[in-house]
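# Examining the three-dimensional arrangement
Given next are the chains, with one letter for each unit.
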Amino acid sequence: MSDPAQTPSRRSLFQMIGTVAGSAAMYHAMTVLGHAAESPFNGPIKLSAPPPGTSVLVLGAGIAGMVAAMELRDAGYRVQVLEYNNRPGGRNWSLYGGDVYTELGGATQTVRFDPGQYINPGPWRIPYHHQGILHYVNRLNVALEPFTQVNYNAYVHSTKMFGGKPVRYREVQADFHGHVAELLAKCTRQNALDQTLSKEDRELLLTALKDWGALDANYEYGKNLISAERRGYDIDPGGGLDPEPAPSEPRAMSDMLRSGLWAAIGAGHSYDMQSSIFQPKGGMGQIGKAFGKALEPLIQYNAKVIDIHQDAGGVTVAYVDSRSGGERRTATADWCVCTIPASILSQIPMNVGGPMRAAIDHLPYMASLKVGLQFKRRFWEEDECIYGGHTYTNQSNRVIGYPMWDYFSKGKGVLLGAYTFGREAFIAAARSPEQRIEDALECGARIHPQYRAEYECGVAVAWHRVPWALGCAGEWSDEGREQHYNNLCALDGRIILAGEHASRLAAWQEGSVTSALDAVERLHKRVMNA
Amino acid sequence: MIKIANGIAPRLSIAILLAALAPPARADTAAPAPEPRNPFEQQAGAEIYNGVCQGCHMPDARGASGAGAYPALARDRNLEIAAYPVAIVLKGQKAMPGFGNYFTDEQIANVVNYTRPRFGNHYRGKVPPADVKAMR
């Protein structure tokens, strides 16, 4: 980042406007400059100075807890953070070679990845419109690199179609769009849409379908150089006296429909998956580490919270050493921002009102599985020209994610060998780490025959077995939100909750950030009105 | 093909395949495709316990403890009345998700009937699938 003292960055410009003219003016300036329109994140918050000595206890040093701690500290609060783990970040977490992870039930995995290799068991991508987490990433000088959601040369795979052979995403999308465009063009030309569209619109539609679906002059999708520009060639165009290019053969509409492979086409269409997407260089956990460093004196690690009590005088939190148990200790403050996941918090005595308690007790936590697999060489790049992105399959591993860093390096690489929710993730949690890895290898080998020969080592994280989370994220139903969400987020006496569970961006770090900022602002308002 | 008894129409195998291929998530670690949920294939109580339940309650049914805990089902007085575990499996409790959409009445009866006389519990009598259906 440039030095703000010399060249004011946009952020520091906004801060200057905010300082002299107030936050409304700053927001207006940001909107005019096209910054604030896309995100609930309204730019850096600026809290006025609280009464001297006002203290806040933050429970949890995940993203939400550390955002809250940083903003409260900066405003002048006395802040203390209690964290169960021996590291900052919470679910913002990367596993590297040498890391040791023990799950519930006692299975211990020592990660044997080479230096530079890692897997993110939790969050692993940041969409461009998640301006809240991106603000802190930039503030903490964490370097970002592009994350590829859709790779047209990766595969879509079904064990039940096309002889169980994987199909390139490029071909699936081209064939499906092409066939649909041809059908719709046929309907249009056979006057089936005359009641719906004017003559002029029908002609425009035909032009658009020809373009969108790569149709020929007769509005047909077939084997020719037009469709080859979408789905690829049997012989690619070359130079000099290379052979003439030859188009590839589209798959039949009926086969495409029955294969189900079209379900993968939407992978990059949703708002959260659209380019640009980012990842921190060296693993998502770099954000948590940078936060932890910035807040170093404030965070007490290895602290297992066992009781939260508020009264007229303040908040008292009892905790023990998360490794050895032992002596009961207490921490006190005027106020408390609690970011402990509801899965854990529902088991901790805390004297809050019935509505908040009911909300905490209501929320189920999702199962999820991620498996990281290290291979001796990057065969997906060397043999198959797959650089980043994802392969989708109907097998129990569901996804293969290719590493999105160090492309073309001659060394090793770590694949995301499985990424599942629901049934597959429940089953994985009931299996040993070794079995989960074996399952991922078995599935992957049906797509990449190189798997068995090149595999070196792996690690498997089933989120229901994670001792400090008991699941990957809260699973809100529409009815649950309707009934409980506002009660979960409301300030209860001296206690306010924050985290992805207290957001409408479930399981996203942006939910943690925006939840923490909202909680801190409301708490601060309460303090100033006390 | 598993018959779903809870009002969800039995799905054709192709529908299951399509669901299986749906993009994995709408959120970062998360947000599963909302519906349909794929039912479990395990039928016998032992298969269901070992294939699913032990993920949290552990192979010996003694639960586990970290920042929070999973309750033991071993020597568990709550299993005395079969309707209690049936209700918990169907609807969930606190962070435990409900499995009503994942299991048939028969599957839930089977796994409850598997657990009640095991793991240091000695409760007699079997809950019939019809009782599970009535509690949905």
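See the structure shown above.
Now for a quick tour of the structure. (Residues numbered from 1 in each chain as written. Chains lettered and ligands numbered in written order. Predicted model: local features only at pLDDT ≥ 70, side-chain atom pairs only at ≥ 80, totals over all residues. Heavy atoms only, no water.)

Residue and element names in this part refer to chain A. Here the structure, examined in full by the defined rule, presents 32 aromatic pairs over all chains. On the basis of an interplanar angle of 55 degrees and a centroid distance of 5.2 Å, the ring pair of Y419 and F421 is categorised as tilted. The exposure classification of Y419 matches that of F421, with both residues buried. Within the aromatic cluster, the residues linked to one another by ring pairs are F375, F379, W380, Y402, Y451 and Y455. A cation sits over an aromatic face here: K370 above Y419, 4.7 Å from the ring centre. We note R481 situated over the ring of Y485; from NZ or CZ to the ring centre the distance is 4.9 Å. (Phe/Tyr/Trp six-rings, centres within 6.5 Å; stacked < 30°, edge-to-face > 60°. Buried < 20%, exposed > 50% of the residue type's maximum accessible area, 1.4 Å probe, protein only. Lys NZ or Arg CZ within 6 Å of the ring centre and 35° of its normal.)

Between two packed helices, the angle of one axis relative to the other and the distance separating the axes together describe the packing. Residue and element names in this part refer to chain A. Running from N to C, helix α11 (residues 354–362) and helix α16 (residues 478–489) cross one another at 125 degrees; their axes reach a closest spacing of 8 Å. Judged by the inter-axis angle, α11 sits oblique to α16. The chirality of how α11 crosses α16 is left-handed. Counted together, P355, M356, A358, A359, I360 and H362 of α11 and G480, H484, N487 and L488 of α16 form the full contact between these two elements. Here the residues of the contact of α11 with α16 are counted per class, giving six nonpolar, four polar and no charged. (Axes fitted to C-alpha atoms, helices over the stretch in contact; angles between N-to-C directions. Helix = DSSP H or I, 4+ residues; strand = E, 2+ residues; numbered from the N terminus. Parallel < 35°, antiparallel > 145°, perpendicular 65-115°, else oblique. Left-handed = near helix turned anticlockwise from the far one by under 90°. Contact = heavy atoms within 4.5 Å. Nonpolar A, V, L, I, M, F, W, Y, C, P; charged D, E, K, R; others polar.)

Glancing now at the interface of chain B and chain A. Listed by partner, the interface residues are 43 residues for chain B and 61 residues for chain A. Around 4,000 Å² of area is buried between chain B and chain A when both sides are counted, 61% of it from carbon and sulfur atoms. Remark: the boundary between chain B and chain A carries one salt bridge. Linking B:E41 and A:R423 is a salt bridge whose minimum nitrogen-to-oxygen distance equals 3.7 Å. Residue assignment for the side of chain B that touches chain A shows that the elements contributing at least two residues are α1 (13–21), α2 (45–57), β1 (64–65) and β2 (69–70) of chain B. Considering each element in turn, the side of chain B that touches chain A owes the most residues, six residues, to α2(B). Classifying every residue of the side of chain B that touches chain A gives 28 nonpolar, 10 polar and five charged. (Buried area = accessible area lost by both parts, 1.4 Å probe. Salt bridge = Lys/Arg side-chain N within 4 Å of Asp/Glu carboxyl O.)

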